[in-house]
Each structure stands twice: as structure tokens, then as C-alpha cells.
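Fold and contact review
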Amino acid sequence: MLQTGNLPWSHLTREIQMYQVIMERQKHPRPADDHITDQHWNFMTSCWSRMVINRPSAEEALLFINSELILHDRGSGNGG
């Protein structure tokens, strides 16, 4: 995952486990990371929706990412 630096499903150690989560359409578990806010997690899981209509558009994704980058820059003292 981009936010954690880990590959998705890195906790699975056997190939058969990967096939199982894919076949069961399991969503990735939320990482135990303080940097992933509820807002981040909700956005990520909305991108994984099985129903296309429930996924954010490219424009919505860009707006979300840009707003998070602005907040990050302000928080790190780099201005806005």
C-alpha cells in the first residue's frame, strides 16, 4: 500500500492464501498505522467497491489526493 510502503497482502505467506482471498473477494485488512486516518481508509475502500457507481471518479480521486497533499504540506511547515 502506498501509505505504508508494504505490498498488498504482504502478511500472506503462501500462494494458496492469496488465491483464497481473491476468490472470496475479501477486502484488504486495515493496516495498523497511525498515518492512515479514517478518511484515508474510507476513501481507499470506496475505490475497491464492487459496484462501479460507488467508486470515486478520477476527478474525485484527484481532488481527494490534492487536498491531502495540501494538508500534508501545511502540517510539515512547507507552506500551502
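Further up the page is the structure itself.
Residues numbered from 1 in each chain as written. Predicted model: local features only at pLDDT ≥ 70, side-chain atom pairs only at ≥ 80, totals over all residues. Heavy atoms only, no water.

What to know about the packing of helix 2 (residues 38-47) against helix 3 (residues 58-75)
The condition is simple: In this analysis an axis means a line fitted to C-alpha atoms, helices contributing only their contacting stretch, and an angle means the value between N-to-C directions, from 0 to 180 degrees. Strands here are runs of E lasting at least two residues and helices are runs of H or I lasting at least four, both read from the DSSP assignment and numbered beginning at the N terminus. If an angle is under 35 degrees, it is roughly parallel; if it is over 145, roughly antiparallel; if it lies from 65 to 115, roughly perpendicular; otherwise it is oblique. We call a crossing left-handed when the near helix sits turned anticlockwise from the far one by less than a right angle, and right-handed when that turn is clockwise. Whether two residues are in contact is decided by their heavy atoms, any of which lying within 4.5 Å being enough.
Put simply, helix 2 and helix 3 touch, their axes get as near as 12 Å, and they point 160° apart. Viewed along their axes, helix 2 and helix 3 adopt a mutual orientation that is roughly antiparallel. The two elements helix 2 and helix 3 meet at a crossing, and its hand is left-handed. For the pair formed by helix 2 and helix 3, the contact residues are Gln-39, His-40 and Phe-43 on the first element and Ala-61, Phe-64 and Glu-68 on the second.

Things to note about the side chain of Ser-49
Stated precisely, the cut-off is as follows: Accessibility here uses a 1.4 Å probe with only protein chains present; expressed as a share of the type maximum, an area under 20% marks a residue as buried, one over 50% as exposed, and anything in between as partly exposed. The term polar contact refers here to a pair of N or O atoms within 3.5 Å; inside protein, the definition further demands a hydrogen-donor-capable atom paired with an acceptor-capable atom, and it admits residues adjacent in sequence only when both atoms are side-chain atoms.
Here Ser-49 shows up in the loop between helix 2 and helix 3. Owing to a relative accessible area of 13%, Ser-49 belongs among the buried residues under this scheme. Polar side-chain contacts of Ser-49 include one of 3.2 Å to the backbone oxygen of Met-51. Apart from the residues within four sequence positions on either side, Ser-49 is in contact with Asn-54 and Arg-55.

Observations regarding the pattern of salt bridges
Basically, it comes down to this: Any Lys or Arg side-chain nitrogen found within 4 Å of a carboxyl oxygen on Asp or Glu counts as a salt bridge.
Under the definition given, this model contains one salt bridge. Arg-30 is the salt-bridge partner of Asp-38, the closest N and O atoms lying 2.8 Å from each other. Take Asp-38: its relative accessible area is 52%, and that puts it in the exposed class.

Here's the deal with the environment of Arg-25
Here Arg-25 is to be found in the loop between helix 1 (15-23) and helix 2. Overall, Arg-25 belongs to the exposed group, its relative accessible area being 56%. The spacing of Arg-25 and Thr-45 is 20 residues in sequence and 13 Å in space, taken between C-alpha atoms.

Things to note about helix 3
Rules: Between the first and last residue of a helix there are one fewer steps than residues, each counted as 1.5 Å, and that sum is the expected span. By arc we mean the arc of the directions from the helix axis to the C-beta atoms, nothing more.
Taking 1.5 Å of rise per residue, 18 residues should cover 26 Å, and helix 3 covers 26 Å from first to last C-alpha, within 8% of that figure. By the burial criterion, the buried members of helix 3 are Ala-61, Phe-64 and Glu-68. In a view along the axis of helix 3, the buried residues occupy a sector of 65°, so they form one face of it. In helix 3, the exposed residues that point more than 90 degrees away from the buried face are Ala-58, Glu-59, Leu-62, Leu-63 and Arg-74. Packing partners of the buried residues in helix 3 comprise helix 2.

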